[in-house]
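# Summary of the model geometry
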Amino acid sequence: MGEFQLQNIVDTIIQRLGGNNLKIQPEEIVDYLQKNINQNLNSDPGSWGALVIEKSQIQNLLDKLPHSSAFNAKYEDLRVKNVDCLNSFVQLLNTISQDYAVKYLLARSKQKQYSKVEKNINMANIPQVINLLKQKTKGTPVGDPSGILNISSTPPVNSTPSVISWVQRKPTMSFDFSATHPSSFHPAVPEASQENILIEDLLNVLMGLPGCYIEPEDLGDPYGPRTFKINDNVALPLKELVKQILPLASHYSMIQRFIEEKMRFEFGQVNNALAEAMQSLIKDHMLFIVQLETETRSGNMSLQKFWFFTQRNMQCLGIAADIAFSISKSGAIGGKVLSLLHDYVISSIGDEKNQQICLKLMENASVPYMKMLGMWIYRGIISDPIGEFLIEDNEVMQKELINVEYSDDYWDKKYSIRRERIPKFLESVSDIILKAGKYLNVIRQCDKPVKSKVCPIEYKIEEKHYIEAIEQAYTFSSQTLLDLVIKEKNLMGRLRSVKHYFLLDKGDFIVAFLTLCEKELNKTVADVVQGRLESLMDLALRISSAVNDPYKDDLKTELLPFHLQYQMFKILSIDTQSEEEYWSNYQKNQEDVFQKKLLVIESVAFSYEVSWPLSLILNKKSLSCYQMLFRHLFFSKYVERLLCQVWKSNKVAKKFQYQDAMHYRKAFVLRQKMLHCVQNLEYHMMVEVIEPHWCSFLQKIGKVNNVDEILVCHRDFLDSCLKDCMLTISAILSTIINILDICVEFAKFMQRTQRYFVEAELGSLPNSLYESFTQNDVILQSSSEGVPNMSFKDTIAHFDLQFLKAITSLLTQINDLNRDTSDHDRLFNLLYRLNFNSFYSDDSSRSLAKVLQNSSG
């Protein structure tokens with residue numbers, strides 16, 4: 001072909017495609033074809049036609065746009081980048097620009113969108129947007145409930161969209177006796193002719209069409225069997241024979257109604273699959289009707305033969321109709337449908353034909369459910385738009401917020417089992433199904449690939465076929481997550497790090513921290529700067545053996561707005577009558593306690609930053625338990641330190657004369673009793689409680705098979721420590737804190753008065769000795785001592801009486817605990833340790849208490 005002929009053809013094509021206004025010449029197209037003929041041999045033959053049309057559409061859009069230059073620049077940029085479907089997108093824009101109705105609808109939608117949706121969406125208002133979307137979706141209409149066929153009143157799932165039933169809009173399209181024909185019966189027809197007419201009627205009735213002598217009656221129950229009316233002029237023998245065949249037509253009608261209703265997607269994938277399986281039964285039934293009709297046309301059919309042939313399908317459709325009736329009546333979807341089918345399979349054992357029919361329906365209906373199960377146990381994903389699966393995602397917390405604010409609600413409540421959706425054949429393994437997918441979900445959220453061996457799960461009458469696959473998937477997921485948590489994330493290293501700080505395992509760190517923060521701890525919360533506490537704690541970490549801990553930077557300080565006793569009682573009083581009273585008092589006095597009265601030593605606690613997935617184990621609840629143990633131990637260490645400082649200052653009394661030293665002997669004895677009590681309390685908590693429970697915890701951790709067992713072991717460890725450290729027994733805890741408070745007041749008194757009696761007794765000593773004695777003293781804030789103008793001797797006697805009362809009360813409370821059980825065996829060890837040689841229970845101590853009580857009175 002010549003060049004001029006080719007240009008002429010190209011020019012004609014351009015004119016036919018409406019390219020008169022295009023700035024493109026035929027010579028350019030011909031030149032392009034000649035240069036790229038080899039590359040375009042396998043390309044789309046209509047590509048240049050599409051190019052011309054696209055140019056025309058672009059020109060049309062540019063003519064209509066007020067700012068055409070920006071649009072043209074964007075188009076050229078996308079064309080250069082060779083963006084897919086650019087031609088189709090331009091065609092869509094051109095079509096929309098020519099349709100005024102579509103443009104009007106889009107304009108209205110844009111106005112509504114901008115009037116209701118906030119333009120600036122950031123992390124701060126994401127929860128509000130999520131709540132707004134949930135409220136909107138809950139209120140979304142799902143269509144006219146009466147539109148579900150001609151029998152259903154309400155759709156089963158309100159959160160799914162609905163479509164208008166074609167059976168409702170076009171009732172004549174249904175194969176369930178939708179058409180009616182007037183009867184053409186003639187009374188003078190002989191009986192032989194009646195038989196032929198009845199055979200024709202039965203062929204129609206078995207396909208859902210009314211006959212001349214046989215007419216369907218109105219349904220009393222939308223899901224129940226259909227009844228038929230036989231013309232009275234039919235001979236009695238023929239009528240009785242027809243009545244024996246009509247149940248097959250009733251079964252067909254019930255199945256057809258079930259199919260037409262359950263094929264709709266809002267009834268769930270399981271019902272859809274079951275309806276499709278029943279559709280195959282209907283197809284076989286239709287083929288059977290065709291065979292009967294062939295026999296009838298050949299003249300070899302009689303009503304007796306017709307009845308004989310229908311016996312083959314009567315049982316099969318009868319079982320399917322019974323299943324359809326049970327499911328429709330119960331409104332079952334998902335797992336409940338499979339449970340009903342499983343019951344039919346089990347009840348049909350012994351009848352091989354019935355069992356094969358039920359098993360076929362069950363296997364087909366279970367396919368979508370087993371696919372959901374496979375996605376969950378092999379990928380940790382829930383693919384359940386209708387709400388049929390046994391696992392439900394409650395969306396307690398979004399993944400983006402897990403590392404910011406995590407609580408154990410995510411693990412306990414995000415995924416839950418819906419018992420009504422569990423098929424009976426999966427009840428025994430429902431718990432491991434939940435765990436298998438939950439473990440994989442955690443692994444996926446750690447951005448770790450899940451490489452599990454996928455085995456197809458199919459329903460079989462022998463349970464081992466699917467039970468073994470589920471157990472293997474559970475074993476893989478549990479072991480994978482366990483390796484991730486223990487080996488890759490070093491769970492035990494984290495737990496040891498927490499034990500170092502919260503359970504005072506690093507003694508030199510605690511001593512350094514107390515030394516550096518001593519002045520800060522005795523200030524009120526309102527007077528302290530938390531950043532200074534952070535700096536001092538960091539310094540204590542650097543100068544102690546904790547410097548070798550790789551996780552030391554995750555330790556932080558925290559100032560809580562309540563003391564330990566209130567925190568524990570608030571927990572112990574949950575769901576009791578005391579809870580409301582304490583909450584009201586807390587709300588009333590919180591600001592005053594936090595800003596004015598609460599000391600740092602009563603408020604300070606450690607916090608610990610943990611990343612996902614270790615936050616499953618070290619969650620807020622467990623860290624709160626660690627905090628309570630730490631506050632109790634730390635305050636005891638603080639009291640011991642105060643009493644040791646009193647002991648250091650009392651060493652000066654060794655220089656006194658005998659008569660002078662007698663004045664301070666009772667104070668020295670009381671100090672030693674207090675120190676003995678506090679040190680034994682610490683020994684009990686740290687050596688007799690925490691260490692044995694920790695060793696037992698480590699042994700159990702070495703034998704666990706999944707993360708849930710780790711959670712149980714960790715929770716048992718913390719509960720045992722809290723109980724044996726007497727934090728969960730409110731009366732004993734109150735008594736112990738009272739003892740510690742008495743010790744603190746005594747130490748404060750001794751440190752405030754030591755300067756005066758040292759000056760009185762050691763006035764002749766060199767100044768260097770006096771300065772060395774007083775330069776490290778910590779002068780604490782004064783507090784009321786009860787009776788004013790009390791002498792030193794009387795004050796010591798007053799403290800002695802208070803301490804004796806408190807420790808006697810503690811011993812009595814421990815002794816009154818139930819000894820029949822082993823719940824408090826460790827506490828009885830503390831009883832023997834505090835009351836060594838019955839020091840507080842002999843007669844002399846009791847008489848001393850009476851004397852002191854009388855003197856104080």
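Because the structure is a prediction, the values reported are computed rather than measured.

### Here's the deal with the overall build of the chain
Helices and strands together make up the secondary structure of the chain, namely 32 helices and six strands. Relative to its full complement of 857 residues, the chain shows a buried share of 44%. Across the chain, the fraction of contacts at a sequence separation of at least 24, relative to all contacts at a separation of at least 6, is 74%. Here the chain has roughly 45600 Å² of accessible surface; of this, 52% comes from carbon and sulfur atoms.

### Examining empty space enclosed by the protein
A full pass over the atoms with the stated rule returns two cavities of 30 Å³ or more. Of the voids in this model, the largest cavity is the one considered here, and its volume is about 40 Å³. Lining the largest cavity are Pro222, Tyr223, Met254, Arg257, Phe258, Ala324, Phe325 and Ser328. When residues of the lining of the largest cavity are traced back to their parent elements, those giving at least two are helix H10 (236-262) and helix H12 (303-330).

### Some points on the nonpolar core
Ranked by internal contacts, the top residues of the largest apolar core, which has 205 residues, are Met278, Ile377, Leu426, Ile433, Phe509 and Tyr626. In terms of residue count, the dominant contributor to this core is helix H25 (residues 620-650) (14 residues). Leaving out residues up to four positions away in the same chain, Ile433 has contacts with Leu373, Trp376, Ile377, Leu390, Ile391, Leu426 and Ile470. Ile58, Leu62, Leu86 and Val90 belong to the second largest nonpolar core, which has six residues in total.

### Quick word on the packing of helix H14 (residues 352-379) against helix H16 (residues 430-445)
When two helices pack together, their arrangement is given by the angle between their axes and by how far apart the axes lie. The N-to-C vectors of H14 and H16 enclose an angle of 55°; their axes lie 6 Å apart at closest approach. In terms of their interaxial angle, H14 and H16 are classed as oblique. Packed against H14, whose contacting residues are Leu373, Trp376, Ile377, Tyr378 and Arg379, the element H16 presents Ile433, Leu434, Ala436, Gly437, Lys438, Leu440 and Arg444 at the interface. Residue composition of the contact of H14 with H16, grouped by class: eight nonpolar, one polar and three charged.

### What to know about the side chain of Ser622
As for its placement among the helices and strands, Ser622 is situated in helix H25. Classification of Ser622 by relative accessible area gives buried; the value is 5%. At a separation of 3.1 Å, a polar atom in the side chain of Ser622 contacts the main-chain carbonyl oxygen of Ile617.

### Notes on the pairing of strand S5 (residues 555-559)
Judged by which residues are buried, S5 turns out to be one-sided: Leu555, Thr557 and Leu559 face inward and are buried, whereas Lys556 and Glu558, on the alternate face, are not. In this sheet, strand S6 (residues 604-608) lies alongside S5 in antiparallel orientation, the contact comprising five bridges. Note on S6: the bridge partner recorded for Lys556 is Ser607.

### Considering the confidence of the model for the chain
In regions of low pLDDT, the predicted coordinates are not meant to be interpreted in detail. Looking at the chain as a whole, the pLDDT averages 75, with 69% of positions reaching at least 70. In the predicted structure, residues 399-407 sits below a pLDDT of 50 and forms 18 contacts with residues beyond four places in sequence or in another chain. Throughout residues 574-579 the model reports pLDDT below 50, and contacts reaching past four residues in sequence, or to other chains, amount to four contacts.

### A closer look at the pattern of salt bridges
For the structure on display, the rule yields 24 salt bridges. The partner of Glu200 in a salt bridge is Arg297, with the nearest N and O atoms 2.7 Å apart. Of this pair, Glu200 sits in helix H9 (residues 191-205) while Arg297 sits in helix H11 (residues 269-297), and the two are 97 residues apart along the sequence. Classification of Glu200 by relative accessible area gives partly exposed; the value is 29%. Here Asp505 makes a salt bridge to Lys499, at a shortest N to O gap of 3.2 Å. Owing to a relative accessible area of 33%, Asp505 belongs among the partly exposed residues under this scheme.

### So, the packing of aromatic side chains
Note on aromatic pairs: each is described by the distance of the centres and the angle between the planes. Counting across every chain of the model gives 24 aromatic pairs. With centroids separated by 5.8 Å and ring planes inclined at 50°, the aromatic side chains of Phe513 and Phe634 adopt a geometry described as tilted. With Phe513 in helix H19 (residues 507-516) and Phe634 in helix H25, this residue pair connects regions lying 121 residues apart in the sequence. The buried category is assigned to Phe513, whose relative accessible area is 0%. Given a relative accessible area of 1%, Phe634 falls into the buried group.

### Things to note about helix H21 (residues 530-543)
Taking 1.5 Å per residue, 14 residues should reach 20 Å; H21 reaches 20 Å between its end C-alpha atoms and fits that length. The inward-facing, buried residues of H21 abut helix H18 (491-502), H19, helix H20 (518-521), S5, helix H24 (600-603) and S6.

### Let's talk about unusual backbone geometry
A cis geometry characterises the amide bond from Trp612 onward to Pro613, with omega recorded as 10°. Even without a glycine there, the phi angle at Met726 is positive, about 65°. Looking at where Met726 falls in the secondary structure, it is placed in the loop between helix H27 (707-724) and helix H28 (730-761).

### So, the environment of Gln244
Structurally, the position occupied by Gln244 is in helix H10. What makes Gln244 partly exposed here is its relative accessible area of 41%. When the C-alpha positions of Gln244 and Trp307 are compared, they lie 7.4 Å apart, and in sequence the two are 63 residues distant. Not counting residues up to four positions away in its chain, the partners in contact with Gln244 are Trp307 and Met314.

### Regarding the packing of H11 against H14
Relative to each other, H11 and H14 sit at 150°, their axes nearing to 8 Å. With respect to their mutual orientation, H11 and H14 come out roughly antiparallel. H11 and H14 meet at a crossing whose hand is right-handed. Across the interface between the two elements, Gln269, Val270, Ala273, Leu274, Ala277, Met278, Ser280 and Leu281 of H11 pack against Lys360, Leu361, Asn364, Ala365, Pro368, Tyr369 and Met372 of H14. Tallied by class, the residues present in the contact of H11 with H14 amount to eleven nonpolar, three polar and one charged.

### Focus on the environment of Thr524
Mapped onto the elements of the fold, Thr524 is located in the loop between H20 and H21. The spacing of Thr524 and Glu602 is 78 residues in sequence and 9.3 Å in space, taken between C-alpha atoms. There is a polar contact of 2.7 Å between the side chain of Thr524 and the side chain of Asp527.

### Some points on the pairing of S6
Where burial is concerned, most of S6 is hidden: five out of the five residues are buried. By the alternation rule, side chains of S6 split into Val604, Phe606 and Tyr608 and Ala605 and Ser607, which are all buried.

### Comments concerning H12
The first and last C-alpha atoms of H12 sit 38 Å apart over 28 residues, in line with the 40 Å expected at 1.5 Å per residue. Approximately 40° is the largest bend angle found in H12, and it occurs at Gln311. Of the residues one or two after H12, Gly331 is the one with positive phi, at around 65°.

### Side note on the environment of Gln279
With respect to the helices and strands, the residue Gln279 is situated in helix H11. Judged by relative accessible area, which is 22%, Gln279 ranks as partly exposed. The spatial distance from the C-alpha of Gln279 to the C-alpha of Glu260 is 9.7 Å, given a sequence separation of 19 residues.

### Brief notes about a nonpolar patch on the surface
Taken together, the side chains of Ile346, Ile349 and Ile461 make up a nonpolar region of the molecular surface, amounting to roughly 240 Å² of accessible area. When you line up the elements, Ile346 lands in helix H13 (residues 335-347). Judged by relative accessible area, Ile346 falls into the partly exposed class, the value being 39%.

### Here we look at the side chain of His342
Note that His342 resides in helix H13. Here His342 is in contact with Met362, Lys424, Phe425 and Tyr459, once residues within four sequence places are set aside.

About the thresholds
- Residues numbered from 1 in each chain as written.
- Predicted model: local features only at pLDDT ≥ 70, side-chain atom pairs only at ≥ 80, totals over all residues.
- Heavy atoms only, no water.
- Helix = DSSP H or I, 4+ residues; strand = E, 2+ residues; numbered from the N terminus.
- Buried < 20%, exposed > 50% of the residue type's maximum accessible area, 1.4 Å probe, protein only.
- Contact = heavy atoms within 4.5 Å.
- Areas by Shrake-Rupley, 256 points an atom, 1.4 Å probe, with all protein chains shown as cover.
- 1 Å grid on protein atoms, 1.4 Å probe; cavity = no way out; pocket = protein on both sides within 12 Å on 5 of 7 lines; lining within 4 Å.
- Points joined across faces, edges and corners; volume = space filled by probe spheres on them.
- Core = buried A, V, L, I, M, F, W, Y, C linked by side-chain atoms within 4.5 Å.
- Axes fitted to C-alpha atoms, helices over the stretch in contact; angles between N-to-C directions.
- Parallel < 35°, antiparallel > 145°, perpendicular 65-115°, else oblique.
- Nonpolar A, V, L, I, M, F, W, Y, C, P; charged D, E, K, R; others polar.
- Polar contact = N/O pair within 3.5 Å; in protein donor to acceptor, adjacent residues only side chain to side chain.
- Pairing = 2+ DSSP bridges.
- pLDDT = per-residue confidence, 0-100.
- Salt bridge = Lys/Arg side-chain N within 4 Å of Asp/Glu carboxyl O.
- Phe/Tyr/Trp six-rings, centres within 6.5 Å; stacked < 30°, edge-to-face > 60°.
- Expected span 1.5 Å × (residues − 1).
- Left-handed = near helix turned anticlockwise from the far one by under 90°.
- Bend = angle between axes of the 7 residues up to and from the residue.
- Patch = residues over 30% accessible without salt bridge, like charges linked within 9 Å, V, L, I, M, F, W, Y side chains within 5 Å.

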